[in-house]
Amino acid sequence: MSDSRAAVVVSDAGLAQRLGLPLGDAAEAELVLRREGDRLVLGGDPRRFGAPLAVDFVAGRVAHRRRFGGGRGQLIARACGLTGGVTPSVIDATAGLGRDAFVLASLGAEVLMIERVAAIAALLDDGLARALAAPDTAAMAARLHLAHGDATRELAALVAASGVAPQVVHLDPMFPHRAKSALVKKEMRLFRVLAGDDDDAPRLLEAALDVASHRVVVKRPRQAPPIAGPPPRHVLEGKTSRYDLYVHRSLKG
Ligand SMILES: C[S@@+](CC[C@H](N)C(=O)[O-])C[C@H]1O[C@@H](n2cnc3c(N)ncnc32)[C@H](O)[C@@H]1O
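Residues numbered from 1 in each chain as written. Predicted model: local features only at pLDDT ≥ 70, side-chain atom pairs only at ≥ 80, totals over all residues. Heavy atoms only, no water.

The name an unreviewed UniProt entry assigns to the chain is Ribosomal RNA small subunit methyltransferase J, from the organism Billgrantia gudaonensis. Quoted straight from UniProt, the Catalytic activity (unreviewed entry) entry for the chain says "guanosine(1516) in 16S rRNA + S-adenosyl-L-methionine = N(2)-methylguanosine(1516) in 16S rRNA + S-adenosyl-L-homocysteine + H(+)". Quoted verbatim from the Subcellular location (unreviewed entry) field of the UniProt record, the comment on the chain reads "Cytoplasm". (UniProt positions renumbered as here; feature names shortened; annotations may be inferred.)

Dropping the structure here:
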């Protein structure tokens with residue numbers, strides 16, 4: 001954090017109590033979680049953080065990707081083993097704004113999203129509720145499940161409570177890379193205030209390798225080293241990112 005204020009406060013008393021976050025306004029924190037129209041948004045000084053963030057599975061960037069995104073040819077689909085007639089269930093243990101989870105659910109996978117930052121989990125919960133209520137996204141949203149918790153410390157318990165089989169565990173921890181566009185830079189800044197640098201990624205990888213029945217996949221910036229730990233068995237390279245694959249067992253058997 002860059003100043004002495006709280007990282008995040010909530011402007012609505014009921015919501016603050018439900019999330020266990022402090023009640024307050026923009027003068028008291030770098031970021032405020034508040035209702036705007038039909039949605040929950042998280043934002044701060046727009047010069048620093050850009051436009052407020054919301055999770056929107058119905059319209060905007062992710063919806064465009066659902067319609068025109070390249071289906072099972074996409075790198076994430078190949079990495080997670082959604083090839084041919086195979087559709088494994090996936091634990092996305094670093095859910096963030098749910099964009100990757102959304103792609104996988106759009107392609108038919110049952111997905112458990114795990115997010116440890118309460119304010120981000122609240123955005124996901126809100127986006128999921130709106131997706132369940134919209135005819136275009138209701139079926140996809142019914143395959144998306146959400147757990148608020150820390151996957152490094154309690155992955156097995158969160159997975160067991162969800163009932164989603166951990167055939168594939170997908171990880172996309174924060175990495176201090178240089179973002180190209182100003183928009184992405186501002187969004188990353190906001191994430192960093194809340195989520196830090198995910199320095200425990202090596203322990204998260206260990207937990208994922210313990211829990212996954214078939215495969216662990218880790219999204220990395222293309223030039224970044226693998227997460228410290230056992231070396232990946234396969235690597236899938238994309239234009240800007242890469243997937244490191246740790247395979248226990250074939251998904252086809
Ligand atoms: C780079 S973002 C992921 C973006 C995501 N793949 C998407 O498509 O929107 C990383 C997120 O993972 C969360 N995270 C990191 N380590 C975690 C852990 N051990 N348990 C739960 N969430 C974690 C962070 O709080 C952050 O929101």
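Within this structure, the stated rule accounts for 15 salt bridges. Across the pair E36 and R34 runs a salt bridge whose closest N-O atoms are separated by 2.7 Å. Look at E36 and you get partly exposed, because its relative accessible area is 38%. A residue is classified by how much of its surface remains accessible, and R34, at 28% relative accessible area, is partly exposed. Several salt bridges converge on common partners, so that one network encompasses R116, D150, R153, D198 and D200. (Salt bridge = Lys/Arg side-chain N within 4 Å of Asp/Glu carboxyl O. Buried < 20%, exposed > 50% of the residue type's maximum accessible area, 1.4 Å probe, protein only.)

Moving on, we come to the site of the ligand. D100, E115, A151, T152 and D172 are the nearest of the 23 residues found near the ligand. Within the side chain of D100, an N or O atom sits 2.8 Å from a nitrogen atom of the ligand. Isolated, the ligand exposes 610 Å² of accessible area, and the fraction of that covered by the protein chains is 94%. Of all the elements in the fold, those that place two or more residues in the shell around the ligand are α5 (99–106), β5 (111–115), α8 (151–162) and α9 (182–195). Counted by class, the shell around the ligand contains eleven nonpolar, five polar and seven charged residues. (Near = heavy atom within 4 Å. Polar contact = N/O pair within 3.5 Å; in protein donor to acceptor, adjacent residues only side chain to side chain. Areas by Shrake-Rupley, 256 points an atom, 1.4 Å probe, with all protein chains shown as cover. Helix = DSSP H or I, 4+ residues; strand = E, 2+ residues; numbered from the N terminus. Nonpolar A, V, L, I, M, F, W, Y, C, P; charged D, E, K, R; others polar.)

Secondary-structure assignment places D198 in the loop between α9 and α10 (201–211). Polar side-chain contacts of D198 include one of 3.1 Å to the side chain of R116. A distance of 2.8 Å separates a polar side-chain atom of D198 from the backbone nitrogen of M174. Among residues more than four places away in sequence, those in contact with D198 are R116, P173 and M174. (Contact = heavy atoms within 4.5 Å.)

Turning next to the nonpolar core. Counting 60 residues, the largest nonpolar core has L33, L42, F57, V111 and L144 as the members making the most contacts within it. It is helix α6 (residues 118–133) that provides the largest number of residues to this core, a total of eight residues. Apart from residues lying up to four places away in sequence, V111 is in contact with V90, D92, A101, L104, A105, R143, L144 and H145. (Core = buried A, V, L, I, M, F, W, Y, C linked by side-chain atoms within 4.5 Å.)

Further remarks concern the pairing of strand β9 (residues 234–237). Of the strand pairs in this sheet, β9 and strand β10 (residues 241–247) are connected by four bridges, and their pairing is antiparallel. The residue of β10 that forms the bridge with H234 is L245. Adjacent in sequence and paired antiparallel, β9 and β10 are bridged by three residues. (Pairing = 2+ DSSP bridges.)

Here we take up the UniProt feature "binding site: S-adenosyl-L-methionine" (unreviewed entry) in the chain. According to UniProt, the feature "binding site: S-adenosyl-L-methionine" (unreviewed entry) maps to R99, D100, E115, R116 and D172 in the numbering used here. Among the secondary structure elements, D100 is positioned in helix α5. Not counting residues within four places of it along the chain, the set of residues in contact with D100 comprises I76, D92, H170, D172 and K219. Locating E115 in the fold gives a position in strand β5. If near-sequence neighbours (up to four positions away) are discounted, E115 is found in contact with T94, A95, G96, I120, A121, L124, A147, H148 and G149. Separated by 2.9 Å, the side chain of E115 and the backbone nitrogen of G96 make a polar contact.

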